[in-house]
Each structure stands twice: as structure tokens, then as C-alpha cells.
2 protein chains.
Amino acid sequence: MKGFVFDAYGTLFDINSVIEACKYIIQDPEGFSKLWRAKQLEYTFLRSLMERYKDFWEVTEDALTFAINSFSISVSQVERKKLMETYLYLKPFAEVADALRHLKNYELAVLSNGSPMMLNTLLENSGLKHYFRYILSADEVRTYKPSPKVYALGPKYLGIPKEEIFFVSSNSFDVVGAKAFGFKVGWINRSGTQLDELGMKPDIIAITLEEMSGALGL
Amino acid sequence: MKGFVFDAYGTLFDINSVIEACKYIIQDPEGFSKLWRAKQLEYTFLRSLMERYKDFWEVTEDALTFAINSFSISVSQVERKKLMETYLYLKPFAEVADALRHLKNYELAVLSNGSPMMLNTLLENSGLKHYFRYILSADEVRTYKPSPKVYALGPKYLGIPKEEIFFVSSNSFDVVGAKAFGFKVGWINRSGTQLDELGMKPDIIAITLEEMSGALGL
């Protein structure tokens, strides 16, 4: 392996922080944030297929609008802004900084659906930015994961063949897409979910980044 | 309007028939069939984006495997086959035959994700086949709705410009995709669901095909 490419949301950063922020505006914060996240992902798939790209910040706002209407709640502009901004202040999982430090002799990059503004702000706010040589966004190719066009940004920027890049994600669809593209893939299955039946299997399954490093003998 | 193009599953045919068949193998047939359907759709989106097409029969089988594993049940080969075959014997909604008869002076077609085998068998079994001049499957272009490549089969076969084709679907993502492509679109919102926030609105919303014909002044 010559380089490591990381997904952001759910992999480095805990999107459950969003539930916390929803607590103040809705009685069922878990249900609400689950619907918000599901629609956010669905809209990235649908917009890619429809060839009607909008960036991830806008897609996240549209998904929030859907969730608000679905729960029939009224949300002020200030609350809406606050909910959106949780995406700029997500907490990294406990082991992330140590795990990245451990890999400091490799080329490291983030490759995410997030817009450049979202990714740069989040990495800055979390203090993790300096670990990464490249912060790569699907925005550059105006389509979303699991399109091979997005994964191709990895070898393009790192200058390393895809077979020598280890891609790390906690999202099943992302694991499958990255594997189909040709990366070596580690699935950080933090919550014990089931792999999707899409004919692809990760090379390594681990519960944390630390465990993954161990499994790779690093 | 010179022609009408219909989605199949959920629009002409009641996919709730699947719940009935699941009753014999699982205690929560609604939850099970809901997950099965959700994964079936998700896999069409993901396979299209990954550029790893498999036909709709195979995708439906893969989604069934996911649902079976997710519910931790054991299902015999005979039961599995029976579950899959419900897709070949779905019941049309009550008003469908009358509504199609009413439109007999127009060019009518079905345009669905279903494989040619699935669509032909279902239309044959339901006695609706003779209403349609064309039975068009996403299989021809090896990708799924809401890709514009799939909708383009409509004008191609009917020989009518897309602006003069009225596309009818009950599925929100399909309504949005067909509208983005350039069809006139009717949303048969049978269950009162919420339109997705994807920047597109149908021309007509109705609860049944009959109501839609009325709204078009036919």
C-alpha cells in the first residue's frame, strides 16, 4: 500500500452529532436525523442518475426541507441554519487522530461527497486538516459516489495506481463502489450493519481505524 | 398529448400483493416487504451509478437475500421462488383496465425498470397486455430510472416528441426523473406521499388513473 484515502461522513466524523442538534427542535431527534440522512444520500444518487448535479450543501438543505415537511414541524431560519451548521462541526471518532498519526508515512487523502467548503471547514474545525495531503470532493466531477468518476480522483491526485491505494469507509455503498472501481478497501463497520448485496466484498472489515491498521500489520 | 407512457410497479400494479405472499414466512410481512422494496430500488440506483448493471429480476433477488439476512430468517428454495414469483402475478389496481380502455385512441406504452421477461409475463398474466403498443424495459439501455437514457426509449419507440408524451407514475423519483427528461408528467399519488425535493414538479397530481384522465379533460 502506498496511500490511504478516507471517506469523511460516518468514517472519520460521527454524524450522530446531528441527533444532538435536532433535540432542541423535535421530539424524535433520532427518527428525524435518520430521515434527513437517508434523503441526503438518496438525493445524491438520484441527482447523479438524472444528471442534475447540485453540491452537497444544497442537497443536504433539500433533504432537510423534506424531513421538516415530513415531520410537519415549523423551524425558524435561525434553527435551520443551526441544523445545517452541525455538518461543519461534526466530532471525529475517538481513535481518528491517533490512527492518522500512525499512518503519517503514507500519502493520506480525504475523498468525500461533501462540497469543498464543507470539507475544508470541517477538517479545519476538527484540527485534522494537517494530516491530509489532499482533500478531494465529488464536486470536481459533478456527480456522486459510487460513480467511478469520483473514485478516479484518488489515483489522479495521489499519482499512485488504484491497486496500491487503500480506501477506507464505513458506508456499505461506498465500500462496494470503491471495490468495484478497483481500490483495496477497508470497511469500518462501526455499527455492525449488513453489507449490501452488490457483488463486492471489502478486503478488510474492522470496527475502528485502529483495528484496521492492526489487521494490515501496520 | 399524442401518447401515454406508464410506469408498471406501484402505478398499474399493486406491489402490496407482495406483503400477502410474505405472510406465510415471516411475522412482520409489512416490514419485510418494505425493506425488500427499498433495497430493490436502492440497488437499481447504486448499480446504475457503479456502471455494474444486472437485470431487475437479479436485483430483486439480491434485495430479497438482503432482507432475508436482515430479518435472520431461514427460507427454503421453494419459498424463495414463490416470493420472487409474486412479481409475475401482481394485481392491477381496480381502475386500471377501465382507464386504459378510455385511452385506447392514443399510443400507449409501458416503460419500466422490470426486465422484459418480468414485464411480458406480468402483463400477460394480468390480461392488460393488449392495451399497449410497446412494452419498454430499462434493460435495453442497461441502466435504470431516473437516468434520461431510460426515458429516451419513450420518444424513440413511439416516434412522438417527448413534449407530446404524457408519462404516468406513482413513484416520486420516477415523476421527478421523467419531468427532468422533458415529459409532461402525471403523479398518481395513491398513498398521499410527499414529493421529493429535487426541483421538479408534476403537471398533474391525482389519486387514481381515472382522476388523472378527468383532470386532463379526457
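All values reported here derive from a predicted model rather than from experimental measurement.

Attention now goes to the relation of the copies chain A and chain B. Of the two same-sequence chains, chain A is brought onto chain B (RMSD 0.0 Å, axial shift 0.0 Å) by a rotation of 180°. Read as a symmetry element, the transformation amounts to a two-fold axis.

Turning next to the sheet that holds strand E7 (residues 184-188) of chain B. Residues and elements named next belong to chain B. Spatial ordering of the open sheet is given by E5-E4-E1-E6-E7-E8, a layout of six strands whose pairing is parallel. The open sheet has two edge strands, strand E5 (134-137) and strand E8 (204-206), and neither has a second partner. Ignoring which end each strand starts from, the neighbouring axes of this sheet average 20° apart. Alignment of strand E4 (residues 107-112) against E5, held across four bridges, turns out to be parallel. By the bridge assignment for E5, Ala109 is matched with Tyr134. The strands that helix H6 (residues 116-126) touches are E4 and E5; relative to E5, the one it contacts most, it runs at about 145°. Across the face of the sheet, helix H9 (residues 172-181) comes into contact with strand E6 (165-169) and E7 while running at roughly 170° to E7.

Interfaces are often sized by the amount of accessible area the parts lose when they come together. Taken together, the contact between chain A and chain B spans 34 residues of the former and 34 residues of the latter. Its largest share of buried area at the contact with chain B, chain A owes to Leu49, Met50 and Glu197 of chain A, together 25% of the area lost on that side. The interface formed by chain A and chain B contains two salt bridges. For Lys39 of chain B, the salt bridge is made with Asp196 of chain A, and the minimal N-O distance between the two is 2.8 Å. Here chain A is connected to chain B by 14 residue pairs in polar contact (both at pLDDT 80 or more). Of all elements in the fold, only helix H2 (29-50), helix H3 (56-70), helix H7 (148-151) and helix H9 (172-181) of chain A reach the threshold of two or more residues within the side of chain A that touches chain B. For the side of chain A that touches chain B, the element with the highest residue contribution is H2 of chain A, accounting for nine residues.

All names here are of chain A. Applying the stated criterion to the full structure yields 28 salt bridges over all chains. Between Lys23 and Glu20 there is a salt bridge, with the nearest N and O atoms lying 3.3 Å from each other. Exposure remark for Lys23: the relative accessible area of 46% places this residue in the partly exposed category. Put simply, Arg101 and Asp98 hold a salt bridge, and the shortest N to O gap is 2.8 Å. Taken as a pair, Arg101 and Asp98 lie in helix H5 (residues 96-102) at a separation of three residues, close to a single helical turn. Judged by its relative accessible area of 45%, Asp98 falls in the partly exposed class. The structure contains a network of salt bridges with shared partners spanning Asp7, Lys145 and Asp174.

To continue, consider the packing of aromatic side chains. Residues and elements named next belong to chain A. Per the counting criterion, the structure on display carries 36 aromatic pairs over all chains. Summarising the aromatic geometry, the rings of Trp36 and Tyr87 are spaced 5.7 Å apart at their centres and angled 75° between planes, so their arrangement reads as edge-to-face. Here Trp36, found in helix H2, pairs with Tyr87, found in the loop between helix H4 (77-85) and strand E3 (91-92); they are 51 residues apart in sequence, far enough to count as distant. Here Trp36 falls in the buried class, since its relative accessible area comes to 1%.

Residues spaced three or four apart along an α-helix face the same direction, because each turn holds 3.6 residues. When you tally the buried positions in H9 of chain B, you get nine out of ten residues, the bulk of the element. Residues of H9 of chain B that are buried include every one of Ser172, Phe173, Asp174, Val175, Val176, Gly177, Ala178, Ala180 and Phe181 of chain B, and no others. Elements that come into contact with the buried residues of H9 of chain B comprise H2 of chain A together with helix H2 (29-50), helix H7 (148-151), helix H8 (153-158), E6 and E7 of chain B. Of the residues trailing H9 of chain B, Gly182 of chain B is marked for its positive phi of about 125°.

Here we take up the packing of H2 of chain A against H2 of chain B. For the pair H2 of chain A and H2 of chain B, interaxial distance at closest approach is 10 Å and the crossing angle is 50°. Classed by the angle they form, the pair H2 of chain A and H2 of chain B counts as oblique. For H2 of chain A against H2 of chain B, the interelement crossing comes out left-handed. The residues of H2 of chain B that touch H2 of chain A, namely those facing Phe45, Leu46, Ser48 and Leu49 of chain A, are Phe45, Leu46, Ser48 and Leu49 of chain B.

Residues and elements named next belong to chain A. One can read the domain layout of chain A as domain 1 (3-14 + 90-215) and domain 2 (17-88). Its C-alpha centre places domain 1 at a distance of 22 Å from the equivalent point of domain 2. Domain 1 puts 21 residues into the contact, and the matching count from domain 2 is 17 residues. Summed over both sides, the interface of domain 1 with domain 2 buries roughly 1700 Å², with 63% coming from carbon and sulfur. Three residues stand out in domain 1 for area buried against domain 2, namely Leu90, Met118 and Tyr144, and they jointly supply 40% of the buried area on that side.

Conventions and cut-offs
- Residues numbered from 1 in each chain as written.
- Chains lettered and ligands numbered in written order.
- Predicted model: local features only at pLDDT ≥ 70, side-chain atom pairs only at ≥ 80, totals over all residues.
- Heavy atoms only, no water.
- Least-squares fit on C-alpha atoms with pLDDT ≥ 70 in both.
- Pairing = 2+ DSSP bridges.
- Helix = DSSP H or I, 4+ residues; strand = E, 2+ residues; numbered from the N terminus.
- Axes fitted to C-alpha atoms, helices over the stretch in contact; angles between N-to-C directions.
- Contact = heavy atoms within 4.5 Å.
- Buried area = accessible area lost by both parts, 1.4 Å probe.
- Salt bridge = Lys/Arg side-chain N within 4 Å of Asp/Glu carboxyl O.
- Polar contact = N/O pair within 3.5 Å; in protein donor to acceptor, adjacent residues only side chain to side chain.
- Buried < 20%, exposed > 50% of the residue type's maximum accessible area, 1.4 Å probe, protein only.
- Phe/Tyr/Trp six-rings, centres within 6.5 Å; stacked < 30°, edge-to-face > 60°.
- Parallel < 35°, antiparallel > 145°, perpendicular 65-115°, else oblique.
- Left-handed = near helix turned anticlockwise from the far one by under 90°.
- Domains from an automatic or database assignment.

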